[in-house]
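# Examination of the molecular architecture
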Amino acid sequence: MLYKLFPRLRLPDASSPARSRDSFVYIDRGMSVVGWMPPKNPCGRYIYRLWSAFTTLFIIILLDVSLLISYSELSSFTARQFLTSLQVAFNCFGCSIKASYTFAGVRRLKLAKKILDRLDSRCETSEHRLQLQQTATLCNRIYMTYCAMYLLYSSSTFLGSMFFGRLAWNLYNPLVDAERGLFSFWLAGILEFLWMTGAVVQDLMADVYPIVYFLAIRTHIKMLKERLRNLRMDTNMSEEENYKQLIRCIEDHRLILDYCNTLRPVVSATIFVQFVLIGIVMGLSAINVIFFSNFWTGLGTGIFMFDLILQTFPFCYICNMIYDDCYEMANCLFHSNWLTADRQYRTTLCFFLSNVQKPIIFTAGGIFVISTSSNIAVAKLAFSVVTFVRQLNIAEKFYD
């Protein structure tokens, strides 16, 4: 049943065409839903701009304003409500910045796809085409997994609060008075849930695109390593043909660097925002779970904390793997069969080797190197926040 609804989650037949673009089918649809990916039809683009303006106004701007206004009446919050709202508020403010950068960087995402098309043309063997199909299936599965986890947070938080007679986030809503009656209470809660779900979906798009796009390029890096390892291994090829193979590998490496440089500004901004916020938000969430949550609200907050880890750790791990791949590429090139080659081949290989030895490194805001060690370092701030609350006995004062 699941594969009928989402056929891209199943590995296609070997006879099916293999394209890196297939990795982005579902995420492109998600970006279309939130107003970031306009249709190709010129007439539809004008109508779509209204939808983009609507999502930008209500999710990126008015949601943050509503959160700020809701704090003008702190007496209406319980301690659990306040922490649940505050942890989401920090994340929403960061989400607005990340969403703005991602929306502005959609043009770069399209340019990256064109570079992938050129790299796909080098996949001539059935093994390479199978790798492209496997990567596309993996990327679509990752996207759907993220969708399930992010929407599980908003749903569990909504239901866990509503059935206990409290609004989940207590957003400022001038149109519906939740205290007027049961119908108004549920209407306000449902509107609040839909509003927050829109922000969750935008946050999802900003968090999952680095994983999907860089898993796609890592597949081409692995295939380039294989081609480097096999240079001058075919005894039936002439020296001129071997030299052309080396030049094509250099061109592929240049395309990979162009791909990374195309996406670097967008990734740098979004990951920097997340690095800045993750420690504070994780700390607030931990305090909420330890001191104030019941089972159901604690479940929602626990899912929220797990989603926070998903925002940075997988991409940081991919950056580590790409760094290691660059080191292995240099080894593959150095250990290829070049000692008996002519002078032109060896001179070109030496220049290429000096370039391959430079690793592909990404930085968050030009400050933090994006890696698992950096992610762990910024996440440690959460323990500092919890320790600060314990030492000042802030939680006990709420109970008093």
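Here the structure is a predicted model, which is why all the values come from computation and not from measurement. (Residues numbered from 1 in each chain as written. Predicted model: local features only at pLDDT ≥ 70, side-chain atom pairs only at ≥ 80, totals over all residues. Heavy atoms only, no water.)

## Some points on the overall build of the chain
- A count of helical and extended segments in the chain gives 13 helices and 2 strands.
- Each principal axis of the C-alpha distribution contributes one length, and for the chain these read about 85 × 55 × 35 Å.
- Counting every position in the chain, which comprises 400 residues, the buried fraction comes to 51%.
- Counting every atom, the chain has about 19900 Å² of accessible surface; 63% of that belongs to carbon and sulfur.
- Taken as two groups, the 38 positive and 29 negative side-chain charges of the chain have centres that lie 3 Å from each other. (Helix = DSSP H or I, 4+ residues; strand = E, 2+ residues; numbered from the N terminus. Buried < 20%, exposed > 50% of the residue type's maximum accessible area, 1.4 Å probe, protein only. Areas by Shrake-Rupley, 256 points an atom, 1.4 Å probe, with all protein chains shown as cover. Lys, Arg positive; Asp, Glu negative; His and termini not counted. Charge placed at Lys NZ, Arg CZ, Asp CG, Glu CD.)

## Some words on the UniProt feature "transmembrane region" (unreviewed entry) in the chain
- Residues annotated by UniProt as "transmembrane region" (unreviewed entry) correspond here to residues 46-70, 82-104, 150-169, 271-291 and 303-323.
- Helix makes up 100% of residues 303-323 and strand makes up 0%, while its end C-alpha atoms are separated by 30 Å. (UniProt positions renumbered as here; feature names shortened; annotations may be inferred.)

## Looking at empty space enclosed by the protein
- On inspection of all chains with the given rule, the structure shows 3 cavities of 30 Å³ or more.
- Its volume calculated, the largest cavity comes out at about 160 Å³.
- Around the largest cavity, the lining comprises 14 residues; the ones closest to its centre are Asn91, Tyr153, Val200, Asp203 and Phe304.
- Elements represented by at least two residues in the lining of the largest cavity include exactly α4 (79-104), α6 (126-162), α7 (182-229) and α9 (295-334). (1 Å grid on protein atoms, 1.4 Å probe; cavity = no way out; pocket = protein on both sides within 12 Å on 5 of 7 lines; lining within 4 Å. Points joined across faces, edges and corners; volume = space filled by probe spheres on them.)

## Overview of the environment of Tyr26
- As for its position among the elements, Tyr26 is in helix α2 (residues 25-33).
- With 227 residues separating them in the primary sequence, Tyr26 and His253 have C-alpha atoms 28 Å apart.
- Setting aside residues no more than four positions away along its own chain, Tyr26 makes contact with Phe6, Pro7, Arg8, Leu9, Asn140, Tyr143 and Met144.
- A distance of 3.0 Å separates a polar side-chain atom of Tyr26 from the backbone nitrogen of Arg8. (Contact = heavy atoms within 4.5 Å. Polar contact = N/O pair within 3.5 Å; in protein donor to acceptor, adjacent residues only side chain to side chain.)

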